[in-house]
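Report on the structure
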Amino acid sequence: MTRYAGLFLALTIGQAAEKPVQVVVMDPLALPLSCSCVEGVGQRRYDQLTEHLGQALGRPFKLTFEESLDLALRRMKAKPDFIIGKDAMVRFDARRLKLQVSPLADLTDRTGGTTQRGAFIVRTNDPAKRLADLSGRAVMLGPEEEAETNQAARAALQQARLAKPAKLDVAGAVDSGALALTDGEVAAAVVPEYLPPLLVGCEKVEAGSVRVLANTQPVPGVRLFSTDTADDALAKRVLAEVTGLAKRKDLLVALESAKGFVTPLGQAAWLDWRGLNRLGQAPTLPSQLPEELKKIWSTKLTGPAVAGPAATAKRVIIPDKSRGGTHDLFRCLDATDGSEVWRLEYEADRELDYSNSPRATPVIHDGLVYLHGALGDLHCVRLDTGEVVWRTNYYREYGGKLLAWGSSSPPLIVGDKLIINPGEPDASVVSLHRKTGKLIWKTPGHAAAYSAFVVGELGGRLQIVGYDSGSLGGWDTATGKRLWQHVPTEGSDFNVTTPLIHEGKLLLATENNATRLHRFLKNGLLDDKPLKANSSLAPDTCSPVIVGDRVFATAYGEMYCLDLKDNLKTVWVAEDDMFFDHSNVISGNGRVLVWTQSGDLLLLDAMANEFKPLRRLRPFGDGKVDSMSHPAIVGNRLYLRGPSELACFALNGK
């Protein structure tokens, strides 16, 4: 049960005369890698799975059990065809070893779930009742490669309103934190939620000596990955077999699984502007793109490529405009083939700069979709049918002045509140009940800007953060009271880019005031003086992303990589005409995906110290594209809007 105390075991199933299919198993609940002290837990028999695969495919399979991929490769002295292990751990090791991997299927657990959570454990007699009670105390996180015990745990602590930051340490092995806890070295430890019973069963922790204080948000669990060594035909045959185990009760028991393997959802949905929490993150970004993207389907559109899609595993919502520019169209498409399921259409006939097509990404939440047009129309409709639940118009309802570039900010979900920005003096920012559209609060202030709002725990206070026409502000989520106002030192900006919340701080990047990182004071107020700044990266429309300790964005013909730890120092800058107009950037899995208005798609290694794209593609060919639309990523699918179509591509080419 330790990360680097691996046991090597090779099993060959099938006819030895043929070259075996190499499978590395890194699942910590595999029998050779776990302890068998607790009946039915930690005894997964992957040898029975590969015996089945060998018989079904008529080929030998060789299993190698190790808790790290580098140790497995050293012993094998060859690349594996397939890897089974925790999503984050496999990707971490593969990235470090420069091995290309693609998720094929998720292993369900005994409940049918495909995710895992971290558990904050404390000693049973500890007074802590919630995460906030760990304020200023020592907490040991799991290893960096353990998403549920490290990254997800950091996020949970960030959201818990700790009066003083916890003193964090990182364990070298998955069970080290629990041992440090029982020895009194730390107040709390974060371990995988399946681990406490095994620790007790193996007598590493005394029964009743620890308890679970809280759990992290779920992260992807155990997955089957293919590597670039496995050809497409082999990968498809293996996938067909492993996802067809539901009726093989013997194998389900052997794998301690309710349904066997299922097709992965991965980044299960793209429900908002820039995805989850508006951070521009997609954990399913591949380590490499194919030489040519495979187009799964394409649907013709009639309006300019301005707003981007939102998508689930079943539905894709794309804003559009009628051919004559007189009506807003919102199309709901079947994710399987791009066929239209329903549409919302209404008159919206007024000229604006950059067309009068909708700008805002649809927001999907709890079976409802919020659709925002450039002329201030807002509709709440049912995702499955398109039935209108309620509707309003910012300017007819609250007054205010329509912006020259149109109403652009997508509504923000905060619990049961829907936050909008009419920008009227008596209703600068407004909260509606998201299910009924009824007013909850409105707060006076300045005219609206174009940027999206975000929400987070900052300075110990849950607050909405965003721009108005002349400043940046924070608003109390419960009452709408304005908490603070930050007027930039170098004059006003267009305020198009989205503020980025990072580790309790706020990253800002605008055309006149450039890039800077601000901290928050204990009372929830923004410190006007930035902690760090870079005067070169000054984007007017491109919202930055953060990958590890690096910041990426484009501005006026250049793309930048900044070092967040080294005072936002420029790591590299690349000049190219494709960066002159708008670009959208998405990060994840140690990679940065760039989609330019000119129609170039680039994949970058976030850790590289120079601009050297891993791949540069033109998905819509060499003609004029002119797409400001933000991409959406759902699992292996990439949704891109071209000059007259929405296309669905396979990220791994399969």
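Here the structure is a predicted model, which is why all the values come from computation and not from measurement.

**Remarks on the confidence of the model for the chain**
Here the chain averages 91 in pLDDT, while 96% of its residues score no lower than 70. Here residues 1-16 scores under 50 on pLDDT; set against residues more than four positions off or in separate chains, the count is 61 contacts.

**Here we look at the sheet that holds strand S23 (residues 388-393)**
Strand order in this open sheet of four strands is S20-S21-S22-S23, and the pairing throughout is antiparallel. Each edge of the open sheet is held by one strand with a lone partner, namely strand S20 (363-365) and S23. Neighbour-to-neighbour, the strand axes of the sheet open up by a mean angle of 15 degrees, direction not taken into account. By the bridge criterion, five bridges tie strand S22 (residues 377-382) to S23 in an arrangement that is antiparallel. Each bridged residue has a counterpart across the sheet, and for Asp377 the counterpart in S23 is Asn393.

**Notes on the packing of aromatic side chains**
Enumeration over the complete set of coordinates arrives at 14 aromatic pairs. Where Trp297 meets Tyr639, the ring centres are 5.9 Å apart and the plane angle is 50 degrees; that geometry is what we call tilted. In this pair, Trp297 is assigned in strand S15 (residues 294-300) and Tyr639 in strand S45 (residues 637-641), connecting sequence segments 342 residues apart. We classify Trp297 as buried; its relative accessible area is 6%. Summarising the aromatic geometry, the rings of Phe330 and Tyr346 are spaced 6.4 Å apart at their centres and angled 20 degrees between planes, so their arrangement reads as stacked. Residue Phe330 is found in strand S18 (residues 327-334), and its partner Tyr346 is found in strand S19 (residues 340-347); the two are separated by 16 residues along the sequence. Of the two residues, Phe330 and Tyr346, both sit in the buried class. Clustering of aromatic rings is evident, with ring pairs tying together Tyr354, Trp405, Tyr450 and Phe494.

**Overview of helix H3 (residues 87-97)**
All of the buried residues along H3 are Asp87, Met89, Val90, Arg91, Phe92, Asp93 and Ala94. Buried residues in H3 make contact with helix H2 (69-76), strand S4 (82-86), strand S5 (101-107), strand S12 (219-220) and strand S13 (222-227).

**Structural notes on the nonpolar core**
Ile317 and Tyr370 are the most contacted members of the largest nonpolar core, which totals 32 residues. Only S18, S19, S20, strand S21 (368-372), S22, helix H9 (394-398), strand S25 (417-420) and strand S26 (429-433) provide two or more residues apiece to this core. Considering every element that reaches this core, the biggest residue donor is S21, with four residues. With near-sequence residues (within four places) excluded, Ile317 lies in contact with Pro309, Ala310, Arg331, Cys332, Trp342, Pro362, Ile364, Val369, Leu371 and Leu383. Judged by nonpolar contacts, the second largest core, of 31 residues, contains Leu601, Leu617, Val625 and Leu646.

**Re the environment of Thr436**
With respect to the element layout, Thr436 can be found in the loop between S26 and strand S27 (439-443). In this structure, the C-alpha to C-alpha distance between Thr436 and Asp366, residues 70 residues apart in sequence, is 13 Å. Reaching out from Thr436, the side chain makes a polar contact with the backbone nitrogen of Lys438 at a distance of 3.2 Å.

**Concerning unusual backbone geometry**
With phi around 60 degrees, Lys77 is a residue other than glycine that occupies positive phi space. Overall, the relative accessible area of 75% leaves Lys77 in the exposed class. Even without being glycine, Asn567 reaches a positive phi, approximately 55 degrees. Turning to its location among the elements, Asn567 is positioned in the loop between strand S38 (558-563) and strand S39 (569-575).

**Looking at the pattern of salt bridges**
Scanning the model with the defined rule gives 36 salt bridges in all. Glu387 serves as the salt-bridge partner of Arg382, at 3.3 Å between the closest nitrogen and oxygen. Its relative accessible area of 36% is what places Arg382 among the partly exposed residues. As a salt-bridge pair, Arg618 and Asp600 come within 3.3 Å of each other at their nearest N and O atoms. Of this pair, Arg618 sits in the loop between strand S43 (615-617) and strand S44 (632-634) while Asp600 sits in the loop between strand S41 (591-596) and strand S42 (601-605); the two residues are 18 residues apart in sequence, bridging distant segments of the chain. By relative accessible area, which is 27% here, Arg618 ends up partly exposed.

**Observations regarding the sheet that holds strand S34 (residues 514-518)**
Taken together, four strands build an open sheet; the order of strands is S32-S33-S34-S35 and the sheet is antiparallel. Of all the strands in the sheet, the pair left with one neighbour each is strand S32 (500-502) and strand S35 (532-534). Strand-to-strand, the axes of this sheet are offset by a mean angle of 15 degrees, without reference to chain direction.

Criteria and cut-off values
- Residues numbered from 1 in each chain as written.
- Predicted model: local features only at pLDDT ≥ 70, side-chain atom pairs only at ≥ 80, totals over all residues.
- Heavy atoms only, no water.
- pLDDT = per-residue confidence, 0-100.
- Contact = heavy atoms within 4.5 Å.
- Pairing = 2+ DSSP bridges.
- Helix = DSSP H or I, 4+ residues; strand = E, 2+ residues; numbered from the N terminus.
- Axes fitted to C-alpha atoms, helices over the stretch in contact; angles between N-to-C directions.
- Phe/Tyr/Trp six-rings, centres within 6.5 Å; stacked < 30°, edge-to-face > 60°.
- Buried < 20%, exposed > 50% of the residue type's maximum accessible area, 1.4 Å probe, protein only.
- Core = buried A, V, L, I, M, F, W, Y, C linked by side-chain atoms within 4.5 Å.
- Polar contact = N/O pair within 3.5 Å; in protein donor to acceptor, adjacent residues only side chain to side chain.
- Salt bridge = Lys/Arg side-chain N within 4 Å of Asp/Glu carboxyl O.

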